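# Residue-level structure breakdown
Below, each chain spelled out in residue letters.
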Amino acid sequence: MLMDFAESPANQEFRARVREFFAQHVTDEVKADVRRTGTTHSASLAAALARTGWLAASWPEEYGGRNADPLQLMILAEEATLAEAPWGSITMTAKVSRVITQLGSDFQRREIVPRALAGEVLICLGYTEPESGSDIAAARTSARREGDDWIISGQKVFTSLANVSTHVFLLTRTDTTAEKHRGLTLFLVPLDAPGVKILPIYTFDGHRTNITHYDDVRVSDEMRVGDVNRAWKVLALALALEREAACPHGEFGRLYATTLRWARASHGDDGRPAWEDPAVKERLARMAIDVEVARLLDYRTAWKAKRGEPPIIEGSMAKLFSTERYVTAAQRAMDMHGAAGACVDSGEPAAIEAEHAFGHSVVTTIYGGTSEIQRSIIAEQFLGLPNTRSKS
Amino acid sequence: MDFSPTDDQVELMSMLDDLLAKTSTPARVREVEADGFDPALWAQLASLDLISMAVPAAAGGLDGDLLTAALAAVQLGRWVAAVPYCDAVAAARLLALIPGDPSPGDGVPDWLDRATSGRSVVTLHPRPVPDPSQPALIASGACADAVIALVGTELVGTELVLVPLRPEMVRRRASVHGAPAADCDLTGERVTLGRDEQAIARFEQAVDEWRVLTAAALTGIGARGIEIGAAYAKARHQFGALIGSFQAIAHPLADAATTMSGATVLWQEAAWAADHEPDRFAQLAAMAFLFAAEAAETATATALHAHGGYGVMAEYDIQLYFRRAKGVRLQLGDPSAGYRRLAGLLA
C-alpha cells in the first residue's frame, strides 16, 4: 500500500462515460421541471439510469448490478451533482433496495428489487416523526399484528419525495414495553394503500417535502423488512450505505467554481473589478481550500468503505465538514454580490447559485443526521468522550 | 486513490514516537525553551538519518520522498520537539539540487554533508529578504550554523544565498513559542546558490516543500493538542458529571478533530503531488500550510479552553501546544497575505 491521490485510468474512463450520460439526460427541461415542482425527481432520468444499470452500480451481478466499488459510486455521485441531476429519489431507492437484498425476504427480493432496478418502484424514507427527529429510535408510529397482516397508525414528517414514490420505508414501534431501540420494526408500505394520506410541506428555499399520515393502514407481513423488533440492525445498514455513497462536497464544489468564474469576470458593488478586491480574493482562497478538503474527506470515506471497513467516523467527519463549510461559503458568496446578493430575481448564474446554496446548504446540515449528531458521533466514537446525548 | 501509508512509513512513525516519548518529554521541552533548540535531540535525529532521509541518494541521502519526511515532522509536532526539522529538511533538499562546487572547502557539497550529517544546522528562511542590508528575522537563526535565504528584489537582482552565521551576526529574539528566533545579519560572506529566475524557482520549490513539512508538523501539534483536551474532559468532573459528556465541551473538540483530519489528508495530497502532479504542487502546498496553520491554532485554543483555568497554568502541557501552533503559523507572515497569494494560484 502506498498513498496515492490519482484516479486510476479505469475510473477516469468511468467518469468520462458518466459525465457524458448526465450531460445527455439532465436537460434544461429536466432542470426547469425540478424548479417548477420543487421535487428533485425525474422519471425520464430514472428510466435512463435503469437502462444503463447504474441504478444498482454497486450491487453484485446476481441482482443486476455492476459490482462498482465505493470509489466509482463517489464518481457517479460527484458527476450527478455537477450536472445538477435530480436523482435523490433514485439513490434513496437504490439504498433501500440494497438493504432488502441483504436483510429482506425472498418475496421482496423477487417482487420488489427487480422493479426498483427497472425504475418502476421508488422508495422514500419514513423515519422522522413530529416528535422524533434526531432521536430516531423514539418513533411512535405503531404497527400491530392482525393475522398475516399488520395495522399501522401514526404520522411521519419530512417524508421527502413521498409524492412521487411508490413505497415508503417505514419505521414503526411494535413493542411499547421494550427498551426503545428494541421495539422497532421496518416495513415497505405501498403509498397507494388505503389510509395513507400525503400532504405537502413547503420549505423556504422552494422545495416540497411532505407530512404523511397512516390511518389503520393494512400491510401484509410479506412487506416487513428484517425481524420483528429488530429494526435497529436494518437501520444501521441503511445508514452505513447512506454514508458510503454520500457526496456532500459536490454541491459545494459547484458553488465555488461558479463564484470563481464570476469574480474573475465581474464587477463588485463599488464598480471595480471584483478580482481586485483583496477581501474577494481571501474569501475565494478559503472556499477553494475548503472544497478540496471536503473532496478529500469524501474520497477517504469511500476508500475506507472499499477496504471493507465501515466508514462511520470518516463519513461523519466528511458530512460535518462539507456541509458546515458550504453554509459559510454560501453566505460569503452572497456577500460578494453586495446589495444585489439579497435579490432572488437575478439573471446572473453565480448569484443564482449563491442564492440556491444559501437555502440549500442549511438543509444539508440537517438531513441525513444533523451537524450536532455528527459531532456527538465523533466525540463519542473517535475521541472516546462519554455519552453526550442521553440524559436519562 | 489510497490513503494508507506503507509499512515502512508506519514503522518509522512508531519508532519516532517511541524515541520522542523518552527524549522530547514536556519537561525537556520546557528545559530547552530558553534556547529554543535541543542539540542532543538534533544529534539523535541526524544519527538516525532523519535529516538526510529525503535527500536523493546521488547527493548522499536515503532517497526518501517528501511525504515520508513529512510523516516524521508530524511526530516531532506531536512532541513539540525543539528542533528546526522542517527548515533543515527543506534546506538539505534544496542544497542537493545545486550542482557540485568543484573546489573543496565551504562550497555546496561540504555544506550539504555538514547539514545531512548533523555536524551543522543548516536551515531555510522561508520568507524572501528584499533588503539584506537590514537584519532579517529568522525563526531558526539562533541555532543555525548557516541559513539559506533569497535576498534582493527583481529590480536590483535576486540571489539565493547560503550565509554561514557567526555569533556576532545574530541577535536573539524572544518569541511566543520559544523558537530559536534571531535577527540575522546577512551581509557577510556567502555561498551563491542561484541568481534571478533560477534563484527564485529554486527558492519557491524549497518553500513549497517547507509549507508541506510544516503543515504536517502543525497537524501533529493540533492532533496531540486535541488528545490532551479530550483526556482532560474524560477525567474532570463538574456538576456531578464528566465535562466531556457536555456537548459544549465535546462538540468543539469534535469540530477540531474533524478539521485536523482534513488538514492531514490535504498535506498528504500536497506531498504526493510534489512527485506525481508537479503542476498542482504550488497550489496544494499553499492550501496545506494555510489550512493546517488555522486548524492547529483553533484546535489548541479549543483544547486549552476545555481545561478552564488550568489551561493557562504554565505547568499544564496544553499551553505548550497553544503557543507553538501560533508561532509556527506566523513564520510565513500574516496569514491573510497567504490567502491572497493563494487566490493568484487558483486554476
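Residues numbered from 1 in each chain as written. Chains lettered and ligands numbered in written order. Predicted model: local features only at pLDDT ≥ 70, side-chain atom pairs only at ≥ 80, totals over all residues. Heavy atoms only, no water.

### So, empty space enclosed by the protein
In this approach a probe as big as a water molecule rolls over the atoms, and the regions it shows empty are the leftover space. Residue and element names in this part refer to chain B. Taken as a whole, this structure holds three cavities of 30 Å³ or more when the rule is applied. By volume, the largest cavity is sized at about 360 Å³. Lining the largest cavity are 24 residues; nearest its centre among them are Val83, Pro84, Asp87, Arg324 and Val328. For the lining of the largest cavity, the elements supplying multiple residues, two or more each, are α4 (66-78), α5 (85-97), α7 (196-233) and α10 (318-329). With four residues, the single largest contributor to the lining of the largest cavity is α7. When its residues are assigned to classes, the lining of the largest cavity shows 15 nonpolar, seven polar and two charged. Taken as a whole, the second largest cavity spans an internal volume of roughly 80 Å³. (1 Å grid on protein atoms, 1.4 Å probe; cavity = no way out; pocket = protein on both sides within 12 Å on 5 of 7 lines; lining within 4 Å. Points joined across faces, edges and corners; volume = space filled by probe spheres on them. Helix = DSSP H or I, 4+ residues; strand = E, 2+ residues; numbered from the N terminus. Nonpolar A, V, L, I, M, F, W, Y, C, P; charged D, E, K, R; others polar.)

### Quick word on the sheet that holds strand β6 (residues 182-184) of chain B
All names here are of chain B. A sheet is described by the order of its strands in space; here three strands give the open sequence β2-β6-β5, paired in antiparallel fashion. Each of the sheet's edge strands pairs with one partner strand only, and the pair in question is β2 (136-138) and β5 (170-172). The average undirected angle you get between the axes of adjacent strands in this sheet is 30°. Bridging between β5 and β6 involves three bridges; their strand directions are antiparallel. Residue pairing for β6: Arg171 is matched across the bridge by Asp183. (Pairing = 2+ DSSP bridges. Axes fitted to C-alpha atoms, helices over the stretch in contact; angles between N-to-C directions.)

### What to know about helix α10 (residues 278-306) of chain A
Residues and elements named next belong to chain A. A rise of 1.5 Å per residue sets the reference length of α10, with its 29 residues, at 42 Å; its end C-alpha atoms lie 42 Å apart and thus fit the reference within 8%. The element α10 is largely enclosed, with a buried count of 23 among its 29 residues. Near the N-terminus of α10, the side chain that reaches the backbone nitrogen of Ala279, with its oxygen 2.8 Å away, is that of Asp277. Gly308 lies just past α10 and shows a positive phi near 85°. (Expected span 1.5 Å × (residues − 1). Buried < 20%, exposed > 50% of the residue type's maximum accessible area, 1.4 Å probe, protein only. Polar contact = N/O pair within 3.5 Å; in protein donor to acceptor, adjacent residues only side chain to side chain.)

### A short note on the packing of helix α9 (residues 249-265) of chain A against helix α12 (residues 349-364) of chain A
Residue and element names in this part refer to chain A. Where α9 meets α12, the axes come as close as 9 Å, and the angle between the chain directions of the two elements is 155°. Taken together, the axis directions place α9 and α12 in an arrangement best described as roughly antiparallel. Helix-helix and strand crossings are classified by hand; for α9 and α12 the assignment is left-handed. When α9 is examined against α12, the residues Glu251, Arg254, Leu255, Thr258 and Trp262 are found in contact with a partner set consisting of Pro349, Ala350, Glu353, Ala354, His356, Ala357, His360 and Thr364. A class-by-class count of the residues in the contact of α9 with α12 yields six nonpolar, four polar and three charged. (Parallel < 35°, antiparallel > 145°, perpendicular 65-115°, else oblique. Left-handed = near helix turned anticlockwise from the far one by under 90°. Contact = heavy atoms within 4.5 Å.)

### What about the interface of chain A and chain B?
Listed as interface residues are 47 residues of chain A and, on the opposing side, 43 residues of chain B. Buried area between chain A and chain B, both sides added, is near 4,300 Å², and the carbon and sulfur share of it is 68%. Counting across the chain A and chain B interface gives four salt bridges. Run the count over chain A and chain B and you get 17 residue pairs in polar contact (both at pLDDT 80 or more). Counting only elements with at least two residues in the side of chain A that touches chain B, the list comes to α9, α10, α11 (312-336) and α13 (371-382) of chain A. No other element matches α10 of chain A, which puts 17 residues into the side of chain A that touches chain B. Along the lines of polarity and charge, the residues of the side of chain A that touches chain B split into 28 nonpolar, four polar and 15 charged. (Buried area = accessible area lost by both parts, 1.4 Å probe. Salt bridge = Lys/Arg side-chain N within 4 Å of Asp/Glu carboxyl O.)

### Considerations on the pairing of strand β4 (residues 157-164) of chain B
Residues and elements named next belong to chain B. Across the eight residues of β4, seven count as buried, placing the element largely inside the fold. Count of turn residues in the strand β3 (residues 146-153)/β4 antiparallel hairpin: three residues. Relative to strand β7 (residues 191-195), β4 is paired through four bridges, and the arrangement is antiparallel. Note that in β7 the partner of Glu159 across the bridge is Arg195.

### Quick look at the sheet that holds strand β1 (residues 122-124) of chain B
All names here are of chain B. Pairing is mixed in the open sheet, where four strands are placed in the order β1-β3-β4-β7. What marks the edges here is a single partner per strand, and that holds for β1 and β7. For this sheet the average axis-to-axis angle between neighbouring strands, irrespective of direction, equals 25°. Note that β1 and β3 share three bridges and pair parallel. The residue of β3 that forms the bridge with Leu124 is Ile148.

### Some words on the nonpolar core
Core analysis: the largest hydrophobic core is formed by 184 residues, its most contacted members being Phe22 of chain A together with Leu45, Tyr85, Leu124, Ile148 and Trp267 of chain B. With 44 residues, the next largest nonpolar core counts Val168, Leu188, Val196 and Leu241 of chain A among its residues. (Core = buried A, V, L, I, M, F, W, Y, C linked by side-chain atoms within 4.5 Å.)

### Considerations on the pairing of strand β5 (residues 184-190) of chain A
All names here are of chain A. Here β5 lies mainly inside the structure; six of its seven residues are buried. Bridge analysis of strand β4 (residues 167-173) against β5 gives seven bridges, and the strand direction is antiparallel. If you follow His167 over to β5, its bridge partner there is Pro190. As judged from the two bridges shared by β5 and strand β8 (residues 224-225), these two strands associate in the antiparallel manner. Directly across from Phe187, in β8, lies its bridge partner Arg224.

### Describing the side chain of Gln9 of chain B
Residue and element names in this part refer to chain B. On the secondary structure map, Gln9 appears in helix α1 (residues 7-23). Gln9 gets classed as buried once you look at its relative accessible area, which sits at 5%. For Gln9, the contacting residues outside a window of four places in its chain are Asp65, Leu67, Thr68 and Leu71.

### Thoughts on the environment of Leu161 of chain A
Residues and elements named next belong to chain A. Relative to the helices and strands, Leu161 resides in the loop between β3 (149-157) and β4. Sequence separation of Leu161 and Ala6 is 155 residues, and the distance between their C-alpha atoms is 37 Å. When residues no more than four places from it in sequence are discounted, the contact partners of Leu161 are Thr39, Thr40, His41, Gly88, Ser89, Met92, Cys124 and Asn210.

### Considering the packing of α7 of chain B against helix α8 (residues 247-276) of chain B
Residues and elements named next belong to chain B. The N-to-C vectors of α7 and α8 enclose an angle of 160°; their axes lie 9 Å apart at closest approach. The pairing of α7 with α8 is recorded here as roughly antiparallel in orientation. Crossing handedness for the pair α7 and α8: left-handed. From α7, Val212, Ala215, Ala216, Leu218, Thr219, Gly222, Ala223, Ile226, Gly229, Ala230 and Ala233 reach across to α8, where they touch Ile249, Leu253, Ala256, Ala257, Met260, Ala263, Thr264, Trp267, Ala270 and Ala271. When its residues are assigned to classes, the contact of α7 with α8 shows 17 nonpolar, four polar and no charged.

### Regarding the pattern of salt bridges
Residue and element names in this part refer to chain A. Following the criterion strictly, the structure yields 56 salt bridges over all chains and no others. Here Glu79 and Arg15 are joined by a salt bridge, their closest N and O atoms 2.8 Å apart. Of this pair, Glu79 sits in helix α4 (residues 70-82) while Arg15 is found in helix α1 (residues 9-25), placing the two residues 64 residues apart along the sequence. We note that Glu79, like Arg15, is buried. A salt bridge links Glu146 to Arg218, with the shortest nitrogen-to-oxygen separation between them at 2.7 Å.

### Here we look at the confidence of the model for chain B
Averaged over every residue, the pLDDT of chain B is 95; residues scoring 70 or more account for 98%. As a predicted assembly, this complex carries a pTM of 0.96 together with an ipTM value of 0.97. (pLDDT = per-residue confidence, 0-100.)

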